[in-house]
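Commentary on secondary and tertiary structure
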Amino acid sequence: METQILATNTPRRLSAAVKAAAGVLADGQTVALPTETVYGLAADALRPDAVLQIFEAKERPFFDPLIVHLPSRDWLDRVTQIPNGSRAMVEALVTKFWPGPLTLVLPRQLIVPDIVTAGLDTVAVRMSAHPVFRAVVEHFGHPLAAPSANRFGRISPTTAEHVRSELDERIPLIVDGGPTEHGVESTIVKVEAGELRLLRAGPITPEDLGGVFQELCEARDYRPTEEEFARFYEGLGVNFSAMLRGEDSVNVEAPGQLASHYAPRTPLRLIAPGVAVLIYDQENQVPARLGSLAFQAPSTAAEFACEEILSPTGDLREAAATLFAKMRRLDEAGLDMIIAEQVPERGLGIAIMDRLRKASAQHV
Ligand code: TXA
Ligand code: MG
């Protein structure tokens, strides 16, 4: 199958690409589309035969459920069953963060096929803010199942070229919307009995979610106790008392997520800044060819064949946006090992550290 890439950089091209994408989707096939986080591989979420093709192209195991992207907010009640106790929290989250990089896991309606949810009684839903994605899903009119557009276990794509290198000749169409804004996948939270549990760290941070909790309380003139605050942040994987002391204190629990994910082919080691490394190639008795993936400036004492800096000014948003592209570049440089330095584990740094840990998981 030949893979076509369509540009969207003029109004004419955009409207042609949107029509072409909606046509391919209506045909029960897959299309790679930009979202504000990473590129997704989309198919009609309500058609099991179409969704099957996502699994085939990605070589994704069927036990890993997909996120359903809604055309509009009123689809929420058609695909999920929001328990009464969670309604206020869900409404507040959706009002604040949709369209945007927040995915909610909620009890599902039977309209959602089993292949999408891997047979679970919950479904993950979000509404993308990307203008190209929105145009396609609105034109198509049905929810789209869309995981990241990479082969299973590999680094998520943040450009159309990345998608091509992952899925060339496996899918009919890639719509090019330029590099994605956030660069890491959406934040996933599970809403249970009005409580939130963070399943995957992402662009919407625990602090952002905490803001919604506070607003909900204020709107009801309710003053939460310190224990209630603590319980809320615990659900988000944040140690509340350490947070009050200003310490890094995150422990994200991520069911449905494998430890080794987002992995480059080159072994990646995650180290504290300032550590000296010398890695010897045992076979050839020469120092190994190392690449550096540093936050602001490499602080590791070592000879590097290649260096990538995530954000010279120390901006975690910029670091997240460029993380996967830089990881990919190092992966293609023929290195023996990538030495990644830890970033501060706050705000978006939580999501970055999560991805770096997963990238290093096969290699520790
Ligand atoms: O930013 C994103 O979320 C991107 C763009 C394309 O929207 N999508 C994405 O999809 O990252 P994917 O399939 O690569 O990751 C979805 C994650 C998986 O780890 C899956 O296990 C989890 O969401 N998930 C999906 N449904 C779930 C459910 N019902 N319960 C728990 N986890 C779920
Ligand atoms: Mg993925």
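Structure report, in brief. (Residues numbered from 1 in each chain as written. Chains lettered and ligands numbered in written order. Predicted model: local features only at pLDDT ≥ 70, side-chain atom pairs only at ≥ 80, totals over all residues. Heavy atoms only, no water.)

Right, let's talk about the pairing of strand 16 (residues 337-341) for a bit. Within strand 16, five of the five residues are buried, leaving the element largely enclosed by the surrounding structure. Here strand 16 shows a buried face lined by Met337, Ile339 and Glu341 and a second buried face lined by Ile338 and Ala340. Note: strand 11 (residues 268-271) against strand 16, four bridges, orientation parallel. Opposite Leu270, over in strand 16, you have Ala340 as the bridge partner. Pairing of strand 14 (residues 290-294) with strand 16, which is carried by four bridges, proceeds in the parallel orientation. Its bridge partner being in strand 16, Leu290 is matched across the sheet by Met337. (Buried < 20%, exposed > 50% of the residue type's maximum accessible area, 1.4 Å probe, protein only. Helix = DSSP H or I, 4+ residues; strand = E, 2+ residues; numbered from the N terminus. Pairing = 2+ DSSP bridges.)

Moving on, we come to the pattern of salt bridges. As enumerated under the stated definition, the model contains 23 salt bridges in all. Between Glu91 and Arg87 there is a salt bridge, and its shortest N-O distance comes to 3.2 Å. Taken together, the residues Glu91 and Arg87, both in helix 4 (residues 87-97) and four residues apart, mark about one turn of the helix. Take Arg87: its relative accessible area is 29%, and that puts it in the partly exposed class. (Salt bridge = Lys/Arg side-chain N within 4 Å of Asp/Glu carboxyl O.)

Residues of helix 2 (residues 48-58) that are buried include every one of Ala50, Val51, Ile54, Phe55, Ala57 and Lys58, and no others. On the buried face of helix 2, the contacting elements are strand 3 (40-44), helix 5 (114-117), strand 7 (144-145) and helix 7 (160-167). The first or second residue beyond helix 2 is Glu59, which carries a positive phi of 55 degrees. (Contact = heavy atoms within 4.5 Å.)

Let us now look at the layout of surface pockets. What the second largest pocket holds in volume is close to 350 Å³. Counting only elements with at least two residues in the lining of the second largest pocket, the list comes to helix 4, strand 10 (195-200), helix 8 (206-219) and helix 9 (226-235). For the lining of the second largest pocket, the residue count by class is nine nonpolar, two polar and four charged. (1 Å grid on protein atoms, 1.4 Å probe; cavity = no way out; pocket = protein on both sides within 12 Å on 5 of 7 lines; lining within 4 Å. Points joined across faces, edges and corners; volume = space filled by probe spheres on them. Nonpolar A, V, L, I, M, F, W, Y, C, P; charged D, E, K, R; others polar.)

This part is about the nonpolar core. Grouped together as the largest cluster of nonpolar side chains are 84 residues, with contacts concentrated most on Leu104 and Leu209. Residues in contact with Leu209, not counting those within four places in the same chain, are Leu93, Phe97, Leu102, Val189, Leu196, Leu198, Ile204, Phe232 and Leu236. Formed by 18 residues, the second largest nonpolar core is a distinct cluster that contains Ala17, Val31, Val132 and Val137. (Core = buried A, V, L, I, M, F, W, Y, C linked by side-chain atoms within 4.5 Å.)

Turning next to the packing of helix 4 against helix 8. Helix-helix packing is described using two parameters, namely the angle between the two axes and the distance between the axes. Relative orientation of the contacting elements helix 4 and helix 8 amounts to 125 degrees, with a least axis distance of 10 Å. Comparing the axis directions of helix 4 and helix 8 gives the class oblique. Along this stretch, helix 4 crosses helix 8, giving a crossing that reads as right-handed. Between helix 4 and helix 8, the contacting residues are Ala88, Met89, Ala92, Leu93, Lys96 and Phe97 on the first element and Asp208, Leu209, Val212, Glu215 and Leu216 on the second. (Axes fitted to C-alpha atoms, helices over the stretch in contact; angles between N-to-C directions. Parallel < 35°, antiparallel > 145°, perpendicular 65-115°, else oblique. Left-handed = near helix turned anticlockwise from the far one by under 90°.)

The sheet built from 10 strands is open, its strands ordered 1-8-2-3-7-4-6-5-9-10 with mixed pairing. Looking at the sheet topology across the chains shown, the edges are occupied by strand 1 (4-7) and strand 10. Note that strand 2 (residues 31-33) and strand 8 (residues 173-176) share two bridges and pair parallel. Residue pairing in the sheet places Ala32 in a bridge with Ile174 of strand 8. In this fold helix 4 packs onto strand 5 (102-107), strand 9 (187-192) and strand 10, with an angle of close to 155 degrees to the strand it touches most, strand 5.

A few words now on helix 8. With 14 residues, helix 8 ought to run about 20 Å at 1.5 Å a step, and its terminal C-alpha atoms sit 20 Å apart, in line with that. Those residues of helix 8 that fall on the buried side of the exposure criterion are Pro206, Leu209, Gly210, Val212, Phe213, Leu216 and Cys217. All buried residues of helix 8 lie within an arc of 155 degrees about the axis, which places them on one face of the element. Exposed residues lying more than 90 degrees from the buried face of helix 8 are Glu218 and Ala219. (Expected span 1.5 Å × (residues − 1). Arc of directions from axis to C-beta.)

Let us look at the pairing of strand 6 (residues 122-126). Of all five residues in strand 6, five are buried; the element is thus mostly enclosed. Here four bridges tie strand 5 to strand 6, and the two strands are oriented antiparallel to one another. Residue pairing across strands places Leu104 opposite Val125, the latter belonging to strand 6.

By the definition in use, this model includes four aromatic pairs. Taking the centre distance of 5.5 Å and the plane angle of 90 degrees together, the rings of Phe213 and Phe229 count as edge-to-face. Of this pair, Phe213 sits in helix 8 while Phe229 is found in helix 9, placing the two residues 16 residues apart along the sequence. The buried category is assigned to Phe213, whose relative accessible area is 13%. (Phe/Tyr/Trp six-rings, centres within 6.5 Å; stacked < 30°, edge-to-face > 60°.)

These figures come from the coordinates and say nothing about function on their own.
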